[in-house]
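What the coordinates show
Residue-level listing of the chains:
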Amino acid sequence: MTLLDTPLTRQLGIEVPLICGAMYPCSNPELVAAVSAAGGIGVVQPLSMIYVYGHDLREGLRLIRHITDKPIGMNVLIERSSKLYLDRMRSWVDVALEEGVRFFVTSLGNPRWVVERVAPVGGIVYHDVTERKWAEKGLAGGVHGLIAVNDRAGGHAGPRSAAQLRDELADLGVPLVCAGGVGDEAAFVAALEAGYAGVQMGTRFIATDECGAHADYKQAIVAASESDIVLTERVTGVPLAVIRTPYVERIGLKAGPIARWLLRGRRTKHWMRTVYALRSAWQLKRASLAGGAREATSKDYWQAGKSVAGIDSVEPAGVIVRRFAAAALSASGTAKTARPRA
Ligand SMILES: Cc1cc2nc3c(=O)[nH]c(=O)nc-3n(C[C@H](O)[C@H](O)[C@H](O)COP(=O)(O)O)c2cc1C
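First, a word on what this report is: a plain description of the structure on this page. Not measured: the values here are computed from a predicted model.

For the rest of this paragraph, the subject is the overall build of the protein. Within the protein one finds 15 helices and 10 strands. Residues classed as buried in the protein amount to 54% of the 342 residues present. Across the protein, every contact between residues at least 6 apart in sequence was considered, and the portion connecting residues at least 24 apart equals 63%. Split by element, the accessible area of the protein, about 14,500 Å² in all, is 55% carbon and sulfur.

Shown next as structure tokens:
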């Protein structure tokens, strides 16, 4: 048995336990396809596919299918927002099922309706969690695995380290995927050796030829070191990991006093979150597709996690997947797996 043979690879029918995580606004069909074609699994972010890259969901999924027939996944953001959004999300899940998608990564909220919709036709659902209470909720909703988002992740990071999360979730009896801080093959191998059934990466896959983000954004990831990653509340109202740019420095990291007050209020918090969601979607899309953050005047938020430390070039996504797989295979020969894989 090698480090590539895990409950995740067996469940999903893939060769490499490596997920290209959903990324608004960085997930484009070509990136998803490249990761899956190389033996990992790419996850579609429907909002990114439709509103950033301008594909109808079904057409975008078919574009991926044109490049590869290997398994792909789709992200389902299920926060309690408007009925209109939830109805739309439900219809996207149906389209994905019709187009042959059988892996779903749920984030926020209760994943039960997704499990009820996809499991009867063989769908597998993994739920993003940052601590045990969310994991227990997800499992009560019937999910098949957990994506443990740690404190080094790009996007919305969690409060726990990778090791703390593994220990906190290990007895739950489902496969655990490590998300956050993995940027090179040594970190990938270390996560598998620590007992994780797989790794979900975001930041590393932005610095690829296939990703639709602007070349300046990719170069900023290559140039950044760990200390350049800061958490800002200014985009979504909750801490978001971004690269410290002149713009980020200038406007500060904390939400303004009025926004904080509105976010705390029982009646105003949902309204305020909607305002943030709409504004951040626009802001992040604009920042990721346009260049120039090195100028002090530009308004750029470039999301990235501490895995930037292990990233030193822009490469084809398939090259990354294959290099990571080779490293895991050669480490399997020296077999020092610390504990049975969750
Ligand atoms: C630019 C960016 C956008 C992201 N958008 C989403 C998203 O829309 N949905 C989601 O579930 N996770 C999102 N994430 C989290 C990733 O799927 C993944 O869990 C995370 O990037 C792993 O950490 P890493 O960046 O250190 O590899 C995003 C991450 C980044 C960097």
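Past the structure itself, the notes keep going.
On to the site of the ligand, then. With respect to spatial proximity, 23 residues lie near the ligand, and among them Ala22, Gln45, Gln200, Gly202 and Thr203 are the closest. In this structure, Asn75 approaches the ligand through a side-chain N or O atom, which is 2.9 Å from a nitrogen atom. Contact with the protein chains removes 92% of the 600 Å² of surface that the ligand exposes when unbound. For the shell around the ligand, the secondary-structure elements that each account for two or more residues are β8 (198-201) and α10 (203-206). Residue composition of the shell around the ligand, by class: eight nonpolar, 13 polar and two charged.

The next thing to look at is the sheet that holds strand β2 (residues 41-44). Strand order in this closed barrel of eight strands is β1-β2-β3-β4-β5-β6-β7-β8, and the pairing throughout is parallel. Going across the sheet, the axis of each strand differs from the next one's by a mean of 25 degrees, ignoring polarity. Summarising the sheet, strand β6 (residues 145-149) and strand β7 (residues 176-179) pair through four bridges and their orientation is parallel. Within β7, the residue paired with Ile147 across the bridge is Val177.

This brings us to the packing of aromatic side chains. Inspection of every chain in the model, using the stated rule, returns three aromatic pairs. Considering the side-chain rings of Phe103 and Tyr126, the 5.5 Å spacing of their centres and the 75 degrees angle between planes classify their relative orientation as edge-to-face. With Phe103 in strand β4 (residues 103-107) and Tyr126 in strand β5 (residues 124-129), this pair connects stretches of sequence that are 23 residues apart. A relative accessible area of 2% means that Phe103 is categorised as buried. Between Phe188 and Phe324, the aromatic rings sit 5.4 Å apart at their centres with planes inclined by 40 degrees, giving tilted as the arrangement. Here Phe188 is found in helix α9 (residues 185-193), whereas its partner Phe324 is found in helix α15 (residues 317-333), with 136 residues between them in sequence. Neither residue differs from the other here; Phe188 and Phe324 are each classed as buried.

What follows concerns the side chain of Lys218. Mapped onto the secondary structure, Lys218 falls in helix α11 (residues 215-223). For the buried Lys218, no salt bridge is present, and the opposite-charge side chain at shortest range is Asp209, 6.0 Å distant. In this structure the side chain of Lys218 is engaged in a polar contact, spanning 2.8 Å, whose partner is the backbone oxygen of Thr208. What Lys218 contacts, discounting residues up to four positions off in sequence, is Ile206, Ala207, Thr208, Asp209, Cys211, Ala213 and Val314.

Moving on, we come to the packing of helix α2 (residues 29-37) against helix α4 (residues 57-67). Angle between the axes and distance between the axes: these two values describe a pair of packed helices. Their axes nearest at 9 Å, the elements α2 and α4 cross at an angle of 35 degrees. Both α2 and α4 take part in a crossing whose hand is right-handed. Contact residues: Pro29, Glu30, Val32 and Ala33 in α2; Gly60, Leu63, Ile64 and Ile67 in α4. Residues that form the contact of α2 with α4 fall into these classes: six nonpolar, one polar and one charged.

For the coordinates displayed, the defined rule picks out 16 salt bridges. In this structure, the salt-bridge partner of Asp5 is Arg10, at a minimum N-O distance of 2.8 Å. With a relative accessible area of 29%, Asp5 lands in the partly exposed category. Judged by relative accessible area, which is 52%, Arg10 ranks as exposed. Close ionic contact of Glu249 with Arg244 constitutes a salt bridge, the shortest N to O distance being 3.8 Å.

Residue pairs three or four apart in sequence face the same way in an α-helix, which turns once every 3.6 residues. Between its first and last C-alpha, helix α5 (residues 83-98) extends 23 Å over 16 residues, near the 22 Å set by a 1.5 Å rise per residue. Turning to α5, its buried residues number three or more, namely Tyr85, Leu86, Met89, Trp92, Val93, Val95, Ala96 and Leu97. Where the residues of α5 are buried, they touch α3 (46-52), α4, β3 (73-77), β4 and α6 (112-118).

Next up on the list: the nonpolar core. Ranked by size, the top nonpolar core spans 82 residues in total, and within it Met74, Phe104 and Phe205 carry the most contacts. If we skip the residues at most four places from it in the chain, Met74 touches Val43, Val44, Pro46, Leu57, Trp92, Val93, Ala96, Val101, Phe103, Phe104 and Val105. Counting 16 residues, the second largest nonpolar core, distinct from the first, contains Leu12, Ile124, Tyr126 and Ala153.

Procedures and definitions
Residues numbered from 1 in each chain as written. Predicted model: local features only at pLDDT ≥ 70, side-chain atom pairs only at ≥ 80, totals over all residues. Heavy atoms only, no water. Helix = DSSP H or I, 4+ residues; strand = E, 2+ residues; numbered from the N terminus. Buried < 20%, exposed > 50% of the residue type's maximum accessible area, 1.4 Å probe, protein only. Contact = heavy atoms within 4.5 Å. Areas by Shrake-Rupley, 256 points an atom, 1.4 Å probe, with all protein chains shown as cover. Near = heavy atom within 4 Å. Polar contact = N/O pair within 3.5 Å; in protein donor to acceptor, adjacent residues only side chain to side chain. Nonpolar A, V, L, I, M, F, W, Y, C, P; charged D, E, K, R; others polar. Pairing = 2+ DSSP bridges. Axes fitted to C-alpha atoms, helices over the stretch in contact; angles between N-to-C directions. Phe/Tyr/Trp six-rings, centres within 6.5 Å; stacked < 30°, edge-to-face > 60°. Lys, Arg positive; Asp, Glu negative; His and termini not counted. Salt bridge = Lys/Arg side-chain N within 4 Å of Asp/Glu carboxyl O. Left-handed = near helix turned anticlockwise from the far one by under 90°. Expected span 1.5 Å × (residues − 1). Core = buried A, V, L, I, M, F, W, Y, C linked by side-chain atoms within 4.5 Å.

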